[in-house]
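Breakdown of the fold
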Amino acid sequence: MKNFDAEVKLAIFRWFAETGRRPELPEVAGCIGSSEEVVTEAYLRLQADRVLSLEKDGVSIRMAPPFSGVVTEHVVEVGPLRYFANCAWDALGIPAALHRPATIRSRCGQSGESLRLEVGTEGPETSDWLFHSLVPAAHWWDDIVFT
Amino acid sequence: MLFFRSEDHVRAWCAERNVPPRPLVSLPQLWGLSTTWYGTRLAAEARRPRPTEMRSIFAGLGLEGDFWDPTADAFE
């Protein structure tokens, strides 16, 4: 990965971590002092490297795993901030990335029963809930939004 | 990639969609996946695990078989 792309990637992830929401293109360009045009080119390379998933407009961040750029049913509360995760895995991925305790609010994919899960820095509280992925590992990025 | 209350809920969800149930993952296993995948995500040198690393991560958590093989073609 080019140094510039790594700089863009870091700016995106830190923005998510510090605000709970996705950065818009001008905000990323402002963070690293570059033009929106060259940042957009970096976005496309980062998407090709499976670091990001972009909306169809090519400049809005749909996913920067574990963070979601859009509202989802997987909510992660860390102190005063609220994050949206892309999936159940990423819901645990956010406290793992931040190294902070969190409360996860989600639901059972079948019954809709609410899940409230406390996660410490050493892991989740004891729970018999389960995780299930329909898509096998070899195909996760065929359609990462569906996965 | 969803949470489920129980194995019965997973089976019902799959039956309604006419898809086969996949391997179940406990929350401690999922935490293991999360820390290995995302523990360094905010660091400058962070990168996604490579396929060989993925296999090692999965195996270390007891997640083995073609479903967890990032290069398997058994699920085309």
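As the structure is a prediction and not an experimental result, all values here were calculated from the model. (Residues numbered from 1 in each chain as written. Chains lettered and ligands numbered in written order. Predicted model: local features only at pLDDT ≥ 70, side-chain atom pairs only at ≥ 80, totals over all residues. Heavy atoms only, no water.)

1. Brief notes about the pattern of salt bridges
One pass over the full model with this rule turns up twelve salt bridges over all chains. Connected through shared salt-bridge partners, Arg22, Glu24 and Glu55 of chain A make up one network. (Salt bridge = Lys/Arg side-chain N within 4 Å of Asp/Glu carboxyl O.)

2. Brief notes about unusual backbone geometry
Residues and elements named next belong to chain A. In this model, Pro65 is joined to Pro66 through a cis peptide bond whose omega is 15 degrees. Along the polypeptide, Pro66 turns up in the loop between strand S2 (61-64) and strand S3 (67-68). If you check the backbone angles, His99 has positive phi at about 55 degrees while not being a glycine. Residue position: His99 is located in the loop between helix H4 (88-98) and strand S6 (102-107). (Helix = DSSP H or I, 4+ residues; strand = E, 2+ residues; numbered from the N terminus.)

3. Let's talk about the domain arrangement of chain A
How big an interface is tends to be expressed through the accessible area that disappears when the partners come together. Residue and element names in this part refer to chain A. Each assigned domain of chain A is listed here: domain 1 (3-62) and domain 2 (65-147). Taking only C-alpha atoms into account, the centre of domain 1 sits 22 Å from that of domain 2. For the pair domain 1 and domain 2, the summed buried area comes to about 1200 Å², and 64% of that belongs to carbon and sulfur atoms. Looking only at domain 1, the three residues that lose the most surface to domain 2 are Phe16, Arg50 and Arg62, adding up to 44% of its buried area. For the pair domain 1 and domain 2, the interface holds zero salt bridges. Among the elements of the structure, helix H1 (3-19) and S2 are those that each provide at least two residues to the side of domain 1 that touches domain 2. A per-element tally of the side of domain 1 that touches domain 2 places H1 first, with five residues. Class assignment for the residues of the side of domain 1 that touches domain 2 results in six nonpolar, three polar and five charged. (Domains from an automatic or database assignment. Buried area = accessible area lost by both parts, 1.4 Å probe. Nonpolar A, V, L, I, M, F, W, Y, C, P; charged D, E, K, R; others polar.)

4. Structural notes on the interface of chain A and chain B
Between chain A and chain B, the residue contacts involve 56 residues of the former and 47 residues of the latter. When the two sides are added together, the surface that chain A and chain B hide from each other amounts to roughly 4500 Å², 67% of it contributed by carbon and sulfur. Together, Trp89, Leu130 and His132 of chain A form the three largest contributors to the area buried by chain A at its contact with chain B, with a combined 18%. The interface formed by chain A and chain B includes two salt bridges. Counting every contact that joins chain A to chain B gives 16 residue pairs in polar contact (both at pLDDT 80 or more). Among the secondary structure elements, those contributing two or more residues to the side of chain A that touches chain B are H1, H4, S6, strand S7 (114-120), strand S8 (123-124) and strand S9 (130-132) of chain A. Among the elements that make up the side of chain A that touches chain B, the one with the highest residue count is H4 of chain A (ten residues). Residues that form the side of chain A that touches chain B fall into these classes: 31 nonpolar, 15 polar and ten charged. Here three bridges tie S9 of chain A to strand S1 (residues 2-4) of chain B, and the two strands are oriented antiparallel to one another. Of the residues in S1 of chain B, the one forming a bridge with His132 of chain A is Leu2 of chain B. (Contact = heavy atoms within 4.5 Å. Polar contact = N/O pair within 3.5 Å; in protein donor to acceptor, adjacent residues only side chain to side chain. Pairing = 2+ DSSP bridges.)

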